[in-house]
Structure formats: C-alpha cells, structure tokens
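Spelled out, the chains give:
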Amino acid sequence: MALFGDPFRNLFWSPRIYRPIPGSTALMDWLESPHAHIFKINVPGYSKEEIKVQVEEGNVLVIRGEGRKEESRGKDSVWHVAERGAGKDDFSREIELPENVKLDQIKAEVENGVLTVIVPKDATPKPSKVRTINVSSKL
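Criteria and thresholds
Residues numbered from 1 in each chain as written. Predicted model: local features only at pLDDT ≥ 70, side-chain atom pairs only at ≥ 80, totals over all residues. Heavy atoms only, no water. Helix = DSSP H or I, 4+ residues; strand = E, 2+ residues; numbered from the N terminus. Buried < 20%, exposed > 50% of the residue type's maximum accessible area, 1.4 Å probe, protein only. Contact = heavy atoms within 4.5 Å. Areas by Shrake-Rupley, 256 points an atom, 1.4 Å probe, with all protein chains shown as cover. Pairing = 2+ DSSP bridges. Polar contact = N/O pair within 3.5 Å; in protein donor to acceptor, adjacent residues only side chain to side chain. Phe/Tyr/Trp six-rings, centres within 6.5 Å; stacked < 30°, edge-to-face > 60°.

Caption draft 1: Inspection of the overall build of the chain at higher detail. Summing up its helical and strand segments, the chain has one helix and eight strands in all. Ordered by position from the N terminus, the helices and strands of the chain form the series α-β-β-β-β-β-β-β-β. Burial analysis of the chain (139 residues in total) assigns 25% to the buried set. The contacts in the chain between residues at least 6 apart in sequence include a share of 55% that link residues at least 24 apart. Per element, the accessible surface of the chain, about 11100 Å² overall, is 54% carbon and sulfur.

Caption draft 2: Local environment of the pairing of strand β6 (residues 91-96). Summarising burial for β6: six of the six residues are buried, a large majority. Here β6 shows two buried faces, one formed by Phe 91, Arg 93 and Ile 95 and the other by Ser 92, Glu 94 and Glu 96. Inspection of the sheet shows strand β5 (residues 60-65) paired to β6 by six bridges, in the antiparallel sense. Within the sheet, the bridge partner assigned to Val 60 lies in β6 and is Glu 96.

Caption draft 3: Just the side chain of Lys 121, in detail. Here Lys 121 is to be found in the segment after β8 (114-120). Its relative accessible area of 18% is what places Lys 121 among the buried residues. Engagement of the side chain of Lys 121 in a polar contact is seen with the side chain of Glu 32, the distance being 2.6 Å. In this structure the side chain of Lys 121 is engaged in a polar contact, spanning 3.0 Å, whose partner is the backbone oxygen of Ser 33.

Caption draft 4: Quick peek at the packing of aromatic side chains. This structure, assessed with the given rule, holds two aromatic pairs. Aromatic side chains Trp 30 and Phe 39 sit 4.8 Å apart centroid to centroid with 40 degrees between the ring planes, which places their arrangement in the tilted category. What makes Trp 30 partly exposed here is its relative accessible area of 25%. The class of Phe 39 is buried, set by a relative accessible area of 0%. Their ring planes at 85 degrees and their centres at 5.2 Å tell us that Tyr 46 and Phe 91 sit as a pair that is edge-to-face. Here Tyr 46 is found in the loop between β3 (36-42) and β4 (51-56), whereas its partner Phe 91 is found in strand β6, with 45 residues between them in sequence. Residue Tyr 46 is classed as buried on the basis of its relative accessible area, which comes to 8%.

Below you can see the structure in the form of structure tokens.
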C-alpha cells in the first residue's frame, strides 16, 4: 500500500469508503449475491458483546471490536510469557454501502470466530437523483 493510500483504488474499486485500521487482524471478505451483500470478518476471541455493528452517516456500515480486558493477576503470580493478548486490540471497518440495500433489515451473527453481516438488497427501483430544471428566457 502506498504511503498516503492507493490513489488508483477509486478507479478500480466501486465502494468510495472502505477503511480498515492498518495492522488490523480483522480480515474481511465481501461477497455480493443476487439478494444480499455478505460480509465475513475474522474476529477470533471476540464475543458478541465486544462487537458493534452500526450504520452511520446514512449508509456507512461500521464494524468495531473492543479489545478485551486483561486477565487478572494474583499478588503472588509472575507472568513469564504473555503472547495470547498480542494483536487483539480494537479493530474497526467502515464500508459505504450501495444505495440499493435495506438498511433496516441488516443482520449480524458471530460464530467460531467469524462475524457474518448480511445486508439484503432492495429490488424496488429508487427515484432518480437527476432533476431536470426548465430553462426560461426571463426570470
């Protein structure tokens, strides 16, 4: 990845927003079926209470994981190695969703360390954003 991001990403990648935190261990797959957009994110060790899935700014899907609490240490305990907590900090993903989705029907499920988010498509046509303005000769 380039120092300031990939300047050509918007030419070849349709979503305008797709922001992972650099170094995040929450790897993601995005699959589009005829009826839904399906996101699968690796979230090993996270419980459903530690994961937040929200829609912000109208149509931006935000997925966050809060780092887990450190295990309690007894007064007489000495840690010799503590590797399991490495790389399990907070993570965040932001994806701008297409316009043809049903935001009120998004479902999320975590199982075996994988978060699956299903965003159903809306088959009803949206009104055009193009508005024609009549031009007159006199205001």
